[in-house]
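# Remarks on the overall topology
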Amino acid sequence: MKKINYSIRDTFGKALENIGKTNQKVVAISPDLKQATKLSYFFLKYPERSIETGIAEANAVGISAGLALSGLRPVLASFGAFLTGKNVEIRTSIAFNKAPVVLVGTHGGLIGPDGTTQAGLQDISIMRSMPNMLVIQPSTNNETKSALKYFLSKKNKDIVYLRISREITKEFFPKKYKFKIGKIIPVLDEYKDAYVFTSGPLLSNCFEAIKGIKGKKIGLGNLSSIKPIDIKSLRSIISKTSKIITFEDHTVYGGLGSAVNEAVNKLKCKVKIFNFGIDDIFTQSGSVPDLYKYYKLDEASIRKKIISCLNTFL
Amino acid sequence: MTKLKKEFNKICSKVRRNIIEMLFSAGSGHPGSSLSTVEILVYLYFFQMKFKRKKKYDKFILSKGHAVPALYSVLLEKKLINRKLINKLRIIDSPLQGHPDMNYLKEIDFGTGALGQGLSAAIGFSIANKINKTSKNIYCILGDGELQEGQVWEAAMFIGSKKILDICTIIDNNKFQNELSVIDTLNMGNLKSKFTSFGFEVLKLDGHNFNQIKKSLNYFLNKKKRKKPLCIILNTIKGKGVKFMEHSGVWHSKKIENNDYLKSLKDIANNEKN
């Protein structure tokens, strides 16, 4: 695992700029947040394929739909909280019309001093409920780059919500990592005592937390493909473990944990599932490490929670 | 009367008859809102928009999606959809969904139904014209009640600010919305000055008058002469062509019963004679 000093959103911005060279159909749309979402790289390089809508997300959604239905490949990026707040516009103009737009929601999770109104903490639930919409949360720089490349390949016509975190994350995957839709990527290949699912910046917190629990065999799966979910791997994992634990920096109502619950429920098995994330609350301002500690999603809290799950008798 | 105008009137009557047939058969839908858009739709589909063989080249968005029976009725007269569908509005697996649906009917350029969204998509089509080096004209019809949606003004701001000339923004100003008149619901004040202040050139005309529609849509095509985006406000009558439905909000989405149906057809036939 390498230490790196650039964030997933930087990687997203740079990767998009690169893809713009080979795929002339890519168009970037920004409602006055291109510096924060890092669409700014693309805007500088390809002004003729960049659209600034002003602070008008609903219009940006509609413009993206029109572009997509004209054979172009629009990438609309804003804070996830603001973008997915335009639920009825995304639902009618994009999802219902099968307009192949790549929606990028940055600033997912506990984002820091800007506070809860800016933080994407319900975005996955909202987008997951929408027909025709895929929901992907890349966990590292290499995965972000590869996922973006996948969705912006010339043949791809998926409608996708990409949740991009604001923070610097550790790298788990090789440089030549190839993103595949609907796959759980095993990070720790153990099953006996429990298996943990997460994605995004919590992947490294979970990894470190598990590493600190001695004498137990606990697996870790990177669930970046939240919708569609990898039923096949899930079936195989639950046949080898008795406890599934999910972690997300998102409301527990309708997010990654719910996606796992729904899928496991279909598989009819006796595995016990524990879901952890943000409760039914609005969070607050604070430094990012303080927030993850406060809402019990830092490494130490995650470790405590896993241990308490291990000690729960079924 | 010119030959063209005669032909136009004839098609409009047929379209009105189709609308009534469809809505009567469906047992639900929006008669008043459909009848007010007949003339503009007929003009657009029969005299204005470019077709390449049977495929439309220009783009059309019915942002007030609930008026879709009028659009289906025009497509029927234009022979773009099968006449058998006249009794298939709003029933299971039918191409004629209750609101425009691209998944069920390929003649629809943009599915709508949640109001306020069409004009933004029109901007997308217009920017795509530039990138794809095409020259499709884009026509978008909005209701006057629909203008209460904030997104419409986000789009209007964009069109005005960027001076987009290939979008024709058309308002079906029939003065009624779902429950009451527009004035009694949320008075929109002076629409012309609103659009003018957003950077549009605004034409106000009788939305049922062939010559006036023709003149304004010809003017739209004259992009060299125009310096500003065009907004056409059609002064229309809700329920136009069926006397007992006219000038009333009651028939926004009222079910057509058997006696209403017979009376409507009689009215349309009478109007045709005059």
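Everything numeric in this text was worked out from a predicted model, so none of it was measured.

Here we come to the overall build of chain B. Looking only at helices and strands, chain B features ten helices and seven strands. In terms of overall size, chain B behaves like a compact globule, its C-alpha atoms giving a radius of gyration of 18 Å where 274 residues would be expected to give roughly 19 Å. Summarising its shape, the C-alpha atoms of chain B cover approximately 50 × 45 × 40 Å along the three principal directions. The proportion of buried residues among the 274 residues of chain B is 57%. Long-range contacts, defined as pairs at least 24 residues apart, comprise 75% of the intrachain contacts of chain B with a sequence gap of at least 6. Working note: accessible area of chain B is about 12000 Å², and carbon and sulfur atoms make up 51% of it.

One broad trend across soluble globular proteins is that nonpolar side chains are buried collectively. Judged by nonpolar contacts, the single largest core of 73 residues is most densely connected at L67, L103 and F197 of chain A together with I123, L147 and F195 of chain B. Counting residues per element, this core draws most heavily on helix 5 (residues 118-132) of chain B, at seven residues. For this core, the two domains that each supply at least three residues are domain 1 (8-164) and domain 2 (185-306) of chain A. The residues touching L67 of chain A, leaving out its near neighbours within four places in the chain, are V27, I29, I51, L72 and P74 of chain A together with G124, I127 and A128 of chain B.

Residue and element names in this part refer to chain B. Taken together, the five strands give an open sheet; going across it, the order is 3-4-5-7-6, and neighbouring strands pair in parallel fashion. Only two strands of the sheet have a single partner each, and these edge strands are strand 3 (59-62) and strand 6 (201-206). Taking the axes of each pair of neighbouring strands and ignoring which way they run, one obtains an average angle of 20° across the sheet. Looking at chain direction, strand 4 (residues 138-143) and strand 5 (residues 167-173) are connected through six bridges and run parallel. Looking at strand 5, one finds that I138 is bridged to I167. Seen against the sheet, helix 3 (residues 38-48) touches strand 3, strand 4, strand 5 and strand 7 (230-235) and runs at an angle of roughly 170° to strand 4.

Bringing the interface of chain B and chain A into the picture now. Contact with chain B, which involves 26 residues of that partner, is made by 26 residues of chain A. Roughly 1900 Å² of surface becomes buried between chain B and chain A when both sides are summed, with 60% attributable to carbon and sulfur atoms. For chain B, the biggest contributors to the area lost against chain A are Q117, I131 and E154 of chain B; these three give 25% of the whole. Summed over the shared surface of chain B and chain A, the number is zero salt bridges. Applying the counting rule to chain B against chain A returns ten residue pairs in polar contact (both at pLDDT 80 or more). Breaking the side of chain B that touches chain A down by element, the ones donating at least two residues are helix 5 and helix 6 (150-161) of chain B. A per-class count over the side of chain B that touches chain A returns twelve nonpolar, nine polar and five charged.

The next thing to look at is helix 13 (residues 299-310) of chain A. Residues and elements named next belong to chain A. With twelve residues, helix 13 should cover 16 Å at 1.5 Å per step; its first-to-last C-alpha distance of 16 Å lies within 8% of that length. Along helix 13, the positions that sit buried rather than exposed are S301, I302, K305, I306, C309 and L310. Buried positions along helix 13 lie against strand 8 (194-198), helix 9 (202-211), strand 9 (218-222), strand 11 (243-251), strand 12 (272-278) and helix 12 (288-294).

Another aspect to go through is the environment of G254 of chain A. Residue and element names in this part refer to chain A. Mapped onto the fold, G254 is located in the loop between strand 11 and helix 11 (256-267). Separated by 112 residues in sequence, G254 and N142 have C-alpha atoms that sit 27 Å apart. Beyond its immediate stretch of four places on either side in the chain, G254 contacts I124, S125 and R128.

What follows is about the domain arrangement of chain A. All names here are of chain A. Under the domain assignment used here, chain A contains domain 1 (8-164) and domain 2 (185-306). Computed from C-alpha atoms alone, the centre-to-centre distance between domain 1 and domain 2 is 25 Å. At the interface, 27 residues of domain 1 touch 30 residues of domain 2. Carbon and sulfur atoms supply 52% of the area buried between domain 1 and domain 2, which totals about 2200 Å² over both sides. Applying the counting rule to domain 1 against domain 2 returns 22 residue pairs in polar contact (both at pLDDT 80 or more). Counted by class, the side of domain 1 that touches domain 2 contains twelve nonpolar, ten polar and five charged residues.

Residue and element names in this part refer to chain A. Each neighbour pair has its own omega, and for K227 with P228 the value is 5°, a cis peptide bond. Examined against the element boundaries, P228 turns out to sit in the loop between strand 10 (225-227) and helix 10 (231-238). Of note, the phi angle at K38 is positive, near 70°, even though the residue is not glycine. By secondary structure assignment, the location of K38 is in the loop between helix 2 (34-37) and helix 3 (40-45).

With that out of the way, let us pick up the sheet that holds strand 12 of chain A. Strand pairing in a sheet relies on backbone hydrogen bonds, with the paired strands running either antiparallel or parallel. Residue and element names in this part refer to chain A. Strand order in this open sheet of five strands is 7-9-8-11-12, and the pairing throughout is mixed. In this open sheet, the two strands that pair with only one neighbour each are strand 7 (185-188) and strand 12. Looking at each pair of strands side by side, their axes are set apart by 25° on average, direction ignored.

This part covers the environment of W251 of chain B. Residues and elements named next belong to chain B. Here W251 lies in the loop between strand 7 and helix 10 (258-273). Here W251 falls in the buried class, since its relative accessible area comes to 5%. Through-space distance from the C-alpha of W251 to that of I19 is 13 Å; in sequence the pair is 232 residues apart. Ignoring anything within four residues of it in the chain, the contact list for W251 reads H30, P31, G32, F244, M245, I256 and D260.

Let us now look at the packing of aromatic side chains. According to the stated counting rule, one finds 27 aromatic pairs over all chains in the structure shown. Considering the side-chain rings of F172 of chain A and F207 of chain A, the 5.0 Å spacing of their centres and the 75° angle between planes classify their relative orientation as edge-to-face. Here F172 of chain A is found in the loop between strand 6 (159-165) and strand 7, whereas its partner F207 of chain A is found in helix 9, with 35 residues between them in sequence. F207 of chain A carries the same exposure label as F172 of chain A, and that label is buried. With a centroid separation of 5.7 Å and 80° between ring planes, the pair formed by Y45 of chain B and F60 of chain B is classed as edge-to-face.

Rules used in this analysis
Residues numbered from 1 in each chain as written. Chains lettered and ligands numbered in written order. Predicted model: local features only at pLDDT ≥ 70, side-chain atom pairs only at ≥ 80, totals over all residues. Heavy atoms only, no water. Helix = DSSP H or I, 4+ residues; strand = E, 2+ residues; numbered from the N terminus. Rg over C-alpha atoms; globule rule 2.2 N^0.38 Å. Buried < 20%, exposed > 50% of the residue type's maximum accessible area, 1.4 Å probe, protein only. Contact = heavy atoms within 4.5 Å. Areas by Shrake-Rupley, 256 points an atom, 1.4 Å probe, with all protein chains shown as cover. Core = buried A, V, L, I, M, F, W, Y, C linked by side-chain atoms within 4.5 Å. Domains from an automatic or database assignment. Pairing = 2+ DSSP bridges. Axes fitted to C-alpha atoms, helices over the stretch in contact; angles between N-to-C directions. Buried area = accessible area lost by both parts, 1.4 Å probe. Salt bridge = Lys/Arg side-chain N within 4 Å of Asp/Glu carboxyl O. Polar contact = N/O pair within 3.5 Å; in protein donor to acceptor, adjacent residues only side chain to side chain. Nonpolar A, V, L, I, M, F, W, Y, C, P; charged D, E, K, R; others polar. Expected span 1.5 Å × (residues − 1). Phe/Tyr/Trp six-rings, centres within 6.5 Å; stacked < 30°, edge-to-face > 60°.

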